[in-house]
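Descriptive structure summary
One-letter residues, chain by chain:
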Amino acid sequence: MNRAALDALPLLPFFLPASGGQRYCLLHLPPPGRGARGGIVYVHPFAEELNKSRHVAAAQARAFASFGYSVLQIDLFGCGDSSGDFGEARWDIWHNDLHLACAWLAQRVDGPLTLWGLRLGALLALDFASRAPLPLARLLLWQPEFDGRRVIDRFLRLRLASGMLAGGAPEAPGQARAALAQGDSVEVAGYLLAPELAHAIDGVSASALQPSVPPVPVYWLDYQGPEQASSPLPPLARQWRDQGAAVHVASFGDGPFWHSGELLACPQLLDATRALCRDWLDEERTPP
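Note that the structure is predicted; figures quoted are calculated from it, not measured.

1. Notes on the overall build of the protein
When helices and strands are counted, the protein shows 10 helices and 10 strands. Here the protein holds 288 residues, and 51% of them are scored as buried. For the protein, the accessible surface area stands at approximately 13100 Å², while carbon and sulfur atoms represent 54% of it.

So, in C-alpha cells, the structure goes:
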C-alpha cells in the first residue's frame, strides 16, 4: 500500500474516560470493508521521547492498519494530551491505563491482542504482560529498555547537562537522587519527576520479572548504528530462548529517532518490523 493510501486509512481520535480524568487516544482502523485481524495497543516511551517518536509510531500504526489491524495509541496519565500532570504520573496508574486500553480494544475487535512498546514503554509492556489479567498474543518491543534504574539515571543526567548549558553552578553528582530519596520531586528538562514514579521505575527490571520469561512470543527490534558490527543475539534474548520462550530479534539502522533533534522517517525500522513479524502478519492477513 502506497503512502497516500496509508494516509487515507480511517483514524479516530477520542478521549477515553478513566480514573482521574480521561486518556487521549488515536484509533487506526483497517481499510473500509475489511474486518480487523486483531488489535494492537501501543505503549509510548518516557517523557520527551513520547513527542520525539510520535511520527514514527503513527507511521507504523498506519502500516499495521493496512494489514487489517485496529491499532490503539493511548497517552498514559500525565503524558501528552491526557489528564494529569507528569508530576502526578505513577507506574501503577500506567498499568491501569494499559488494562483499560486493552479491555476497550478487546471488546471491539475480534482476534489476537498484541502489546507494542517503545523504550521504557517496552519495559512497561513486559511488566504488564507478566501480570496481565487479559490474554495477550504477543509482545512487540522497539529498542526496549530492560533496567528501570538505568532509565532514571540517564534521565537525571539530562538535568546535569541542562544546568551546565545554562551556565549555572554545577549540581553535585547524586544531588537529584538524594532529593528523590528524601521524598522531593525534581525537575528534569521541563518534566517534574515525582519520587514515587522514580522509585517504582527503579524497581522494574526485565531480568527480575515473574515469570522470569515472557509468557507470550516476543518480537524485538534494536537500533544498530553504521559503525557497529553485526551484533550477536542479546544475552537476555538468549536467556529467554534457553528457558523456552519464543524470541525473534532483528535490527534497524535509521537512527535513534526517540531523541533525535530532527524528524527521522525510519523506513528501515518499518521494513524490519514487517519482516520480523511476517509470520503473524501474513498468516492473519490471509482471508479464511
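2. Digging into the nonpolar core
F46, W94, L115, L139, L193, L197 and W240 are the most contacted members of the largest nonpolar core, which has 64 residues in total. Sorting elements by how many residues they give to this core places helix α4 (residues 120–130) first, with eight residues. For L115, the residues in contact, after removing those within four places along its chain, are V41, V43, C102, A125, F128, L136, R138, L139 and L140. Among the nonpolar cores identified, the runner-up in size contains 28 residues, and A57, V71, Y219 and L221 belong to it.

3. Considering the confidence of the model for the protein
Confidence along the protein averages 90 in pLDDT terms, with 90% of residues attaining 70 or more. Put simply, helix α1 (residues 3–7) is where the protein has its lowest mean pLDDT, 62, and helix α7 (residues 195–202) is where it has its highest, 98. Within the model, pLDDT remains below 50 along residues 284–288, and this stretch shows 12 contacts once partners closer than five positions in the same chain are excluded.

4. A closer look at the side chain of S66
Relative to the assigned elements, S66 resides in helix α2 (residues 48–66). Engagement of the side chain of S66 in a polar contact is seen with the backbone oxygen of A63, the distance being 2.6 Å.

5. Considering the environment of A122
On the secondary structure map, A122 appears in helix α4. Contact partners of A122, with chain neighbours within four places excluded, come to G117, L141, W142 and P144.

6. What to know about the pairing of strand β4 (residues 69–74)
With six of six residues buried, β4 is to be regarded as a mostly interior element. Pairing between strand β2 (residues 21–28) and β4: four bridges, direction antiparallel. Residue pairing for β4: H28 is matched across the bridge by V71. Direction of pairing for strand β3 (residues 38–43) relative to β4: parallel, over a ladder of five bridges. Bridged to G39 within β4 is S70. As a crossover connection, the stretch from β3 through α2 into β4 is right-handed.

7. Observations concerning the environment of H248
One can find H248 in strand β10 (residues 247–252). Judged by relative accessible area, which is 28%, H248 ranks as partly exposed. Between the alpha carbons of H248 and L140 there is a distance of 9.5 Å; along the sequence they are 108 residues apart. Leave out the neighbours within four places in its chain, and H248 touches V218, Y219, W220, R241 and L276.

8. Side note on the sheet that holds β2
The eight strands lie next to each other as β1-β2-β4-β3-β5-β6-β9-β10, forming an open sheet whose pairing is mixed. A strand with exactly one partner marks an edge of an open sheet, and here the two such strands are β1 (11–18) and β10. Strand-to-strand twist of the sheet, defined as the mean angle between neighbouring strand axes without regard to direction, takes the value 20 degrees. Bridge analysis of β1 against β2 gives eight bridges, and the strand direction is antiparallel. Bridge pairing in β2 places F14 opposite C25.

Rules and cut-offs
- Residues numbered from 1 in each chain as written.
- Predicted model: local features only at pLDDT ≥ 70, side-chain atom pairs only at ≥ 80, totals over all residues.
- Heavy atoms only, no water.
- Helix = DSSP H or I, 4+ residues; strand = E, 2+ residues; numbered from the N terminus.
- Buried < 20%, exposed > 50% of the residue type's maximum accessible area, 1.4 Å probe, protein only.
- Areas by Shrake-Rupley, 256 points an atom, 1.4 Å probe, with all protein chains shown as cover.
- Core = buried A, V, L, I, M, F, W, Y, C linked by side-chain atoms within 4.5 Å.
- Contact = heavy atoms within 4.5 Å.
- pLDDT = per-residue confidence, 0-100.
- Polar contact = N/O pair within 3.5 Å; in protein donor to acceptor, adjacent residues only side chain to side chain.
- Pairing = 2+ DSSP bridges.
- Right-handed = clockwise from strand over helix to strand, strands pointing away.
- Axes fitted to C-alpha atoms, helices over the stretch in contact; angles between N-to-C directions.

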